[in-house]
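Remarks on the overall topology
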Amino acid sequence: MDKPVIKGNTITVPSKLDHLADVDLFIEGILRGYGTDESLIADIAISVSELVNNAVSHGNQGESDKIVSVSIEKTNGSVSIAVTDEGGGFNPGEIANPVADENLLKDVGRGIFIVNSLMDTVETKKSDKGTTVVITKSLQ
Amino acid sequence: MKLSDRTQDGIVVLSPSGKIMGGPDASLLNDKLHQCIESDQKKIVVDLAGVEWMNSTGLGILISSYTTLRNNGGELKLANVTDKIHSLLVITKLVSVFEAHDSVDEAVGAFGQG
């Protein structure tokens, strides 16, 4: 795969950070179609960008022949977004607390913390094929 | 993301705009900040008025520049922090690290008061 592919409410991109903007454009467009508040769109877009960054850099470990797919679904006043990579996932317990005094000046390690803060739920599912992180946020 | 830069009263003012989310765009700001440091321009204001949002990559660029400048006798201040970015700084407790001002003029002026 060398360019993004959109099928319904799913975008699949080559595992490169160059495609963060493609995913953002796709997700923000769908959220606007739902009539979502702009501030909420930004919170969701920030969270999706964190997950895609992690999927490319950690899940797929920078291997650009792999893919990342992002699906969005609206149910009962909430939006649910699934970000899937082809990697083995990670243990959230291994991530240092980014707001601890000793970590405050580190330039990395805040992504998942921000997602957990901005979203209502964050769930990780692992399978033989890869790892999916599903986030949900109420649109009301 | 786009980036413009100028000098005001001897202080470098960098004005990114759009979204700072990682990838090739984000390296524009990172590269420019580190170019300034390498060319001995160590007093920098980052004007965030035009930034729609940033994620942890953007925060990481700001923190990296803040610490590099501070370790080399320089300083980085923020101006025009939007509500969205302010809330991220609060969530991550970085609000206690950065000095933020309501305008570029105020941020530039604050360098003379140190």
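Residues numbered from 1 in each chain as written. Chains lettered and ligands numbered in written order. Predicted model: local features only at pLDDT ≥ 70, side-chain atom pairs only at ≥ 80, totals over all residues. Heavy atoms only, no water.

Another point: the layout of surface pockets. Roughly 770 Å³ of internal volume is contained in the largest pocket. What lines the largest pocket is a set of 36 residues, and nearest its centre among them are A:Asn54, A:His58, A:Val108, A:Gly109 and B:Ser56. Counting residues per element, the ones that place at least two in the lining of the largest pocket are helix H2 (38-59), strand E4 (78-85), helix H3 (111-118) and strand E6 (131-138) of chain A together with helix H1 (24-38) and helix H2 (56-71) of chain B. Of the residues forming the lining of the largest pocket, the biggest block, eight residues, is contributed by H2(A). (1 Å grid on protein atoms, 1.4 Å probe; cavity = no way out; pocket = protein on both sides within 12 Å on 5 of 7 lines; lining within 4 Å. Points joined across faces, edges and corners; volume = space filled by probe spheres on them. Helix = DSSP H or I, 4+ residues; strand = E, 2+ residues; numbered from the N terminus.)

Residue and element names in this part refer to chain B. Looking at chain B, pLDDT values average 93 and 98% of them are 70 or higher. Within chain B, H1 has the poorest average pLDDT of any element, 87, and strand E6 (residues 99-101) the best, 98. Quick note on the complex model: pTM equals 0.95, ipTM equals 0.93. (pLDDT = per-residue confidence, 0-100.)

What follows covers helix H1 (residues 20-33) of chain A. All names here are of chain A. The end-to-end C-alpha distance of H1 is 20 Å, a good match for the 20 Å that 14 residues give at a rise of 1.5 Å each. The set of residues buried in H1 consists of Leu-20, Val-23, Asp-24, Phe-26, Ile-27, Glu-28, Ile-30 and Leu-31. Looking at the residues trailing H1, positive phi occurs at Gly-35, about 80°. (Expected span 1.5 Å × (residues − 1). Buried < 20%, exposed > 50% of the residue type's maximum accessible area, 1.4 Å probe, protein only.)

Across the boundary between the two partners, chain B contributes 25 residues, which contact 25 residues of chain A. Both sides of the chain B and chain A interface together cover about 1,900 Å² of buried area, and 67% of this is carbon and sulfur. At the junction of chain B with chain A, the criterion picks out three salt bridges. We note a salt bridge from B:Lys84 to A:Asp43, for which the minimum N-O separation is 2.7 Å. One can count nine residue pairs in polar contact (both at pLDDT 80 or more) joining chain B with chain A. Only strand E4 (50-54), H2 and helix H3 (83-91) of chain B provide two or more residues apiece to the side of chain B that touches chain A. Considering every element that reaches the side of chain B that touches chain A, the biggest residue donor is H2(B), with nine residues. Residues that form the side of chain B that touches chain A fall into these classes: eleven nonpolar, ten polar and four charged. (Contact = heavy atoms within 4.5 Å. Buried area = accessible area lost by both parts, 1.4 Å probe. Salt bridge = Lys/Arg side-chain N within 4 Å of Asp/Glu carboxyl O. Polar contact = N/O pair within 3.5 Å; in protein donor to acceptor, adjacent residues only side chain to side chain. Nonpolar A, V, L, I, M, F, W, Y, C, P; charged D, E, K, R; others polar.)

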